[in-house]
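Structural overview for review
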Amino acid sequence: IVQWTPFIQTYKKHKYPWVQLAGHQGNFRAGLKQGTILKKLCPPEEKALEAIMKDVLRPYVPRYSGVVEGADGEKYLQMEDLLSSYSLPCVMDIKMGVRTYLEDELAKAREKPKLRKDMYEKMIQIDPKAPTEAENRAKAVTKPRYMVWRETISSTATLGFRIEGVRRGDGTSSKDFKTTRTREQVLACLTSFLQGYPHVVSRYVQQLKSIKVTLEGSSFFKTHELIGSSLLFVHNDSSALVRMIDFAKTVPLPQGVAITHRSPWSEGTHEDGYLLGLENLIDIFTALEKV
Ligand code: ATP
Ligand code: MG
Ligand code: MG
């Protein structure tokens, strides 16, 4: 069962069900301070948030207020709840980049390239023509093969982003975007997200453009690979915001490696496609602005 509201938040006497569009439900808790949430600590994310708080990107990331202990004794990262000043917000999570696994994860999957029947089954359910002849004979695929293929069924591999989850103005939610792949499919989904809120489109375009300019001047961005990181879009009748979230797989680039965040990825280059995705998003939102 998909549960969208793991807990109730309180902010300035206003109570609201918190909305979670991705990730494990148990990873989040209400914050210890009003206007904050807790996310289960993961060391790369802690390091990334600490560094971003000293970088020009700071205004585009939830305010981070350090590591705290939750009621369950676990350690959490406490950060600004981006929903706290919104009532009944529309929310969308877009996962950025041309791949959503680290090169290390791919290499690890390749160490023991066991044939996986379950992954073959998942593959043919989505695209019966995807497996090779050999894979059809074995009725199985390897995990690294599956990981690379999976990025091609959504817009990740081609457009450099994919829609993860949406909560619309009418209260309906969906996480069913695994195969939303073409520009037309993405446009249709964004149109339904923006339905009834035409005035927010240009605000989103402006903020996406500021994020792009800021990224291009950011030393954090220059020195890190951003994998599986998202842009969170939040709007209601009166305002709209976009922020960068989820740095669990944001890692420093190896010594001597520089990336464009734009060039195609091949193994070893560490390219993440973040700017490619951002430019495509700006282009698509700009098209929607003109409708
Ligand atoms: P995954 O890796 O599967 O994407 P995760 O456990 O790393 O998940 P996040 O992606 O950081 O978790 O967050 C999951 C969801 O929680 C987001 O899609 C969003 O709906 C919500 N969320 C995360 N951070 C915030 C925030 N600071 N303010 C408001 N909502 C947030
Ligand atoms: Mg995420
Ligand atoms: Mg994550």
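Below you will find a few notes about this structure. All of these numbers come straight from a predicted model, not from anything done at the bench.

Parameters and conventions
Throughout this description, residue numbers start from 1 for each chain and increase along the sequence as written. Starting at A for chains and at 1 for ligands, labels are handed out in the order in which the entities are written. Two thresholds apply to this predicted model, a pLDDT of at least 70 for residue-level local features and 80 or more for giving and counting side-chain atom pairs, whereas whole-chain, interface and lining totals are computed over all residues. Remark: hydrogens and water are excluded; side-chain values derive from all non-hydrogen atoms of the structure. Take the buried Ala, Val, Leu, Ile, Met, Phe, Trp, Tyr and Cys residues and link them wherever side-chain atoms come within 4.5 Å; each set so joined is a nonpolar core. Only protein chains enter the accessibility calculation, which uses a 1.4 Å probe. A residue is then buried if its area is under 20% of the maximum for its type, exposed if over 50%, and partly exposed in between. Helix and strand assignments follow DSSP, with helices taken as H or I runs no shorter than four residues and strands as E runs no shorter than two, numbered in order from the N terminus. In what follows, a contact means two residues having at least one pair of non-hydrogen atoms within 4.5 Å. The length a helix should cover is 1.5 Å for every residue beyond the first. The angle between two axes is taken between their N-to-C directions and runs from 0 to 180 degrees, where each axis is a line fitted to C-alpha atoms and a helix contributes only its stretch in contact. These descriptions rest on fixed angle ranges, namely under 35 degrees for roughly parallel, over 145 for roughly antiparallel, 65 to 115 for roughly perpendicular, and the rest for oblique. In a left-handed crossing the near helix is turned counterclockwise from the far helix by less than a right angle, and in a right-handed crossing that turn is clockwise. Amino acids outside the nonpolar list (Ala, Val, Leu, Ile, Met, Phe, Trp, Tyr, Cys, Pro) and the charged list (Asp, Glu, Lys, Arg) are all regarded as polar, and Gly is one of them. For this text, the term disulfide refers to a pair of cysteine sulfurs within 2.5 Å. Two aromatic rings from Phe, Tyr or Trp, using only the six-membered ring of Trp, form a pair when their centres are within 6.5 Å; if the ring planes differ by under 30 degrees the pair is stacked, by over 60 it is edge-to-face, and anything between is tilted. The near set for a molecule or strand comprises every residue that places at least one heavy atom within 4 Å of it. Polar contacts, as counted here, are pairs of nitrogen or oxygen atoms within 3.5 Å of one another; within protein the pair requires one atom able to donate a hydrogen and one able to accept it, and residues that are adjacent in sequence qualify only if both atoms are side-chain atoms. In short, Shrake-Rupley with a 1.4 Å probe defines the accessible areas, and a residue's cover is counted only from the protein chains shown. Think of it this way: DSSP has to see at least two bridges between two strands before they count as a pair.

Focus on the nonpolar core
- Of all hydrophobic cores here, the largest spans 65 residues; its most connected members are Leu-231, Phe-233, Met-244 and Phe-285.
- The biggest single contributor to this core is helix H10 (residues 274-289), with 8 residues.
- When sequence neighbours within four positions are dropped, the list of residues in contact with Phe-285 reads Met-92, Leu-190, Leu-194, Val-201, Tyr-204, Val-205, Leu-208 and Phe-233.

Some points on helix H8 (residues 200-216)
- Taking 1.5 Å per residue as the helical rise, H8 with its 17 residues ought to reach 24 Å, and the 25 Å between its terminal C-alpha atoms agrees with that figure.
- Among the structural elements, helix H7 (183-194), helix H9 (219-223), strand E13 (230-235), strand E14 (240-245) and H10 are those in contact with the buried residues of H8.

Looking at the packing of H7 against H10
- Interhelical geometry of H7 versus H10 gives an angle of 55 degrees and a closest axis separation of 11 Å. Taken together, the axes of H7 and H10 are oblique relative to one another. Considering how the two elements wind past one another, H7 and H10 form a crossing that is right-handed. Every residue of H10 that contacts H7 at Arg-183, Val-186, Leu-187, Leu-190, Thr-191 and Leu-194 is listed here: Asp-283, Ile-284, Phe-285, Ala-287 and Leu-288.
- Its residues placed into classes, the contact of H7 with H10 shows 8 nonpolar, 1 polar and 2 charged.

With respect to the state of the cysteines
- Under the definition given, this model contains 0 disulfides.
- Left unpaired, Cys-189 is separated from the closest cysteine sulfur, that of Cys-90, by 12 Å.

Digging into H10
- In this model, H10 (16 residues) spans 22 Å end to end at C-alpha, consistent with the 22 Å of a helix rising 1.5 Å per residue.
- When we look at burial in H10, the residues that qualify are Tyr-274, Leu-275, Gly-277, Leu-278, Leu-281, Ile-282, Ile-284, Phe-285, Thr-286 and Leu-288.

A short note on unusual backbone geometry
- Unlike most non-glycine residues, Lys-13 shows phi in positive territory, near 70 degrees.
- Its location among the elements puts Lys-13 in the loop between strand E1 (8-11) and strand E2 (14-17).
- A residue is classified by how much of its surface remains accessible, and Lys-13, at 83% relative accessible area, is exposed.
- Of note, His-261 is a non-glycine position whose phi angle comes to about 60 degrees, a positive value.

Overview of the packing of aromatic side chains
- Evaluated as defined, the whole model comprises 8 aromatic pairs.
- Arranged with centres 5.2 Å apart and planes meeting at 40 degrees, the rings of Trp-18 and Phe-28 form a pair that is tilted. Taken together, the residues span a long stretch of sequence, with Trp-18 in the loop between E2 and strand E3 (28-30) and Phe-28 in strand E3 at a distance of 10 residues.
- Plain terms: the ring middles of Tyr-204 and Phe-285 are 5.8 Å apart, the flat faces sit at 70 degrees to each other, and that makes the pair edge-to-face. Of this pair, Tyr-204 sits in helix H8 while Phe-285 is found in helix H10, placing the two residues 81 residues apart along the sequence.
- In this structure Tyr-204 comes out as buried when scored by relative accessible area, which is 0%.

Re the site of ligand 1
- Near ligand 1 lie 20 residues; those nearest to it are Leu-21, Lys-39, Leu-82, Asp-93 and Asp-246.
- Separating an oxygen atom of ligand 1 from a backbone N or O atom of Leu-21 is a distance of 2.9 Å.
- For ligand 1, whose free accessible area comes to 620 Å², the fraction covered by protein is 89%.
- Across the shell around ligand 1, the residue classes tally to 11 nonpolar, 3 polar and 6 charged.

Let's talk about the sheet that holds strand E6 (residues 75-80)
- In space, the 4 strands of this open sheet follow the order E3-E4-E6-E5, with antiparallel pairing throughout. Only two strands of the sheet have a single partner each, and these edge strands are E3 and strand E5 (64-69). Direction aside, neighbouring strands of the sheet carry axes that sit 30 degrees apart on average.

What about the pairing of E14?
- The buried fraction of E14 is high, at 6 of 6 residues.
- Alternating positions in E14 separate into two faces, Ala-240, Val-242 and Met-244 on one and Leu-241, Arg-243 and Ile-245 on the other, with burial throughout.
- Relative to E14, E13 is paired through 6 bridges, and the arrangement is antiparallel. Counterpart to His-235 in the pairing with E14 is Ala-240.
- With antiparallel pairing between neighbouring strands as the criterion, E13 and E14 make up a hairpin whose turn holds 4 residues.

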